[in-house]
Amino acid sequence: MVKVNSNYLKLQAGYLFPEIARRVNSFKQASPNADLIRLGIGDVTEPLPPACREAMKAAIDEMGTTEGFRGYGPEQGYIWLREAIAKEEFQKRGCEVDPDEIFISDGSKCDSSNILDILDIENRIAVTDPVYPVYVDSNVMSGRTGPAGDLGRYGGLLYLPIGAENSFQATIPDQKVDLIYLCFPNNPTGAVANKEQLQNWVNYAKRNEALILFDAAYEAFIQDKALPHSIYEIEGARDCAIEFRSFSKNAGFTGIRCAYTVIPKDLVGQSVDGKVDLWSLWNRRQSTKFNGVSYVVQRGAEAAYSSEGKAQISTLVNFYMENASIIRRDLSAAGLTVYGGEHAPYVWIKTPKDFDSWDFFDYLLKNANVVGTPGSGFGAAGEGYFRLSAFNSRENVVKAMNRISSL
Ligand SMILES: *Cc1c(COP(=O)(O)O)cnc(C)c1O
């Protein structure tokens, strides 16, 4: 009989979003007329920027002509998109990133898990707790952990707790790890790191010859000009960090699908035969296992850098950030303690009184018909917290806040 990858059986059965769906469905059956407002899953809600839409329409028409037709594109992405990204996202911020170091993909979720393909299974790995579940689960699936223990924490991973007590900044480990996942602005806590904090991580990584996997999916939501958008704004990061970026949250591409990963050519790792550069391994991996993002979508992503595209994206981001500030303001006025939501589309709430995360979920669902995400679903140290997302219409956000305020 065919043998399965038994690592999958280590995954926690009650995975967060299916469990939320189960509770919401049973509530809907009991109260079919309830007007539910979903501030749970981190998915955008507002229409695509017109500049991106027009570029995709033009691209599809081009494909309908003999001269404009294109088949397989480069596995790494079209050079015009990589050049636009290098210039607009990195070089304009003083970061030394070459178009050649940018790999276009269909998502950061996939990239942040696929990257494990080129890394040895014996690496010692650190994640924050709470954390974006993809980092942990992809390590579990690829056999890099032991089974889950009592707190749902997997053996073999080093968990770095983040909470109000450390301002949601993980303490730099006092032991050596090989691989560190960092996400700023953070999902789920909405926290952001300044240059000094990132410099400490880069220094740690260089000292320990570790690799940082830096997820900057929410960089567009940063409001303070002094805060870094990219790990490459930090001195020395080219020697120790890979960065993941996505068009999902800024340009509303969650359904269109386009992202990219930056692998500096300076990055090296240890192989059984000596040092090798990670760029070559990832290039080989992508060329073998990936056939590129569609031409149409890449034209849509390129339009994000036109002057109209930039203005429209900035309007979108501002819209969500106003939602976040309404959530912060109204929940604070209602006596709740709130974090995040200033440089990220997530507000991280301390659950009131004796509520644990799931109690508070059930309470809001039943009494305000508002769906959020229990902090404990992102890790044991998320217990006692609750995440609300700013991704919704203004009307729904205002209505949800009015309902919560009157409880
Ligand atoms: C939404 C999100 C992404 C983006 O994922 P895509 O696959 O590009 O849509 C990446 N990282 C985090 C932490 C996210 O929340």
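Here we look at the pairing of strand E2 (residues 102-105)
Side chains Ile102 and Ile104 project from E2 onto one buried face, and the interleaved Phe103 and Ser105 project onto a second face that is buried too. One ladder, built from four bridges, connects E2 with strand E8 (residues 259-262); its direction is antiparallel. Paired with Ser105 across the two strands is Ala259, which belongs to E8.

Side note on the nonpolar core
Counting 99 residues, the largest nonpolar core has Ile212, Phe247, Leu388 and Met401 as the members making the most contacts within it. Examining the composition of this core, we find that nine residues originate from one element, helix H9 (residues 307-333), more than from any other. Shared between two domains, this core takes at least three residues from each, and those domains are domain 1 (6-47 + 308-405) and domain 2 (53-306). In this view, Met401 contacts Leu39, Ile326, Ile327, Asp330, Leu331 and Leu388; residues no more than four positions away in its chain are not counted. Of all hydrophobic cores here, the second largest spans 26 residues; its members include Leu116, Ile125, Val136 and Leu267.

Looking at unusual backbone geometry
Here Asp129 and Pro130 are connected by a cis peptide whose omega angle stands at 5°. Tracing the backbone shows Pro130 in the loop between strand E3 (125-129) and helix H5 (133-141). The peptide bond linking Asn187 to Pro188 adopts the cis configuration, its omega dihedral lying at 20°. Relative to the helices and strands, Pro188 resides in the loop between strand E5 (179-183) and helix H6 (195-208). The phi dihedral of Arg257 is positive, around 80°, even though this residue is not glycine. Relative to the elements of secondary structure, Arg257 occurs in the loop between strand E7 (241-246) and E8. On the basis of relative accessibility, which here comes to 30%, the residue Arg257 falls in the partly exposed class.

Some details on the environment of Glu235
One can find Glu235 in the loop between strand E6 (211-215) and E7. Note on Glu235: relative accessible area 66%, which makes it exposed. Taking C-alpha positions, Glu235 is 9.6 Å from Leu198, a pair spaced 37 residues apart along the chain. Leave out the neighbours within four places in its chain, and Glu235 touches Gln199 and Val202.

Some remarks on the domain arrangement of the protein
Partitioning the protein into structural domains gives domain 1 (6-47 + 308-405) and domain 2 (53-306). In this assembly, 34 residues from domain 1 lie in contact with 49 residues from domain 2. Approximately 3,300 Å² of surface area, both sides summed, lies buried where domain 1 meets domain 2, with 63% of it carried by carbon and sulfur atoms. For the domain 1 face of the interface with domain 2, the top three residues by lost area are Lys10, His343 and Phe378, together amounting to 20%. Joining domain 1 to domain 2, the criterion identifies one salt bridge. Here Lys310 ties to Glu88 by a salt bridge, and the two come within 2.9 Å at their closest N and O atoms. At the junction of domain 1 with domain 2, the criterion picks out 15 residue pairs in polar contact (both at pLDDT 80 or more).

As for the site of the ligand
For the ligand, the set of nearby residues contains 15 residues, the closest of which are Asp215, Tyr218, Ser246, Ser248 and Lys249. In the environment of the ligand, a nitrogen atom lies 2.7 Å from a nitrogen or oxygen atom belonging to the side chain of Asp215. At 2.7 Å, a side-chain N or O of Arg257 approaches an oxygen atom of the ligand. Calculation on the ligand without its partners gives an accessible area of 390 Å², and the protein chains cover 94% of this total. Within the shell around the ligand, the residues separate by chemical class into six nonpolar, five polar and four charged.

A look at empty space enclosed by the protein
Counting across every chain of the model gives two cavities of 30 Å³ or more. Here the largest cavity is characterised by a volume of approximately 70 Å³. With three residues, E5 is the largest single contributor of residues to the lining of the largest cavity. By volume, the second largest cavity amounts to about 30 Å³. Top element by residues in the lining of the second largest cavity is E5. It accounts for three residues. When the residues that make up the lining of the second largest cavity are grouped by side-chain class, the tally is six nonpolar, three polar and no charged.

Each value, and the rule that gives it
- Residues numbered from 1 in each chain as written.
- Predicted model: local features only at pLDDT ≥ 70, side-chain atom pairs only at ≥ 80, totals over all residues.
- Heavy atoms only, no water.
- Buried < 20%, exposed > 50% of the residue type's maximum accessible area, 1.4 Å probe, protein only.
- Helix = DSSP H or I, 4+ residues; strand = E, 2+ residues; numbered from the N terminus.
- Pairing = 2+ DSSP bridges.
- Core = buried A, V, L, I, M, F, W, Y, C linked by side-chain atoms within 4.5 Å.
- Domains from an automatic or database assignment.
- Contact = heavy atoms within 4.5 Å.
- Buried area = accessible area lost by both parts, 1.4 Å probe.
- Salt bridge = Lys/Arg side-chain N within 4 Å of Asp/Glu carboxyl O.
- Polar contact = N/O pair within 3.5 Å; in protein donor to acceptor, adjacent residues only side chain to side chain.
- Near = heavy atom within 4 Å.
- Areas by Shrake-Rupley, 256 points an atom, 1.4 Å probe, with all protein chains shown as cover.
- Nonpolar A, V, L, I, M, F, W, Y, C, P; charged D, E, K, R; others polar.
- 1 Å grid on protein atoms, 1.4 Å probe; cavity = no way out; pocket = protein on both sides within 12 Å on 5 of 7 lines; lining within 4 Å.
- Points joined across faces, edges and corners; volume = space filled by probe spheres on them.

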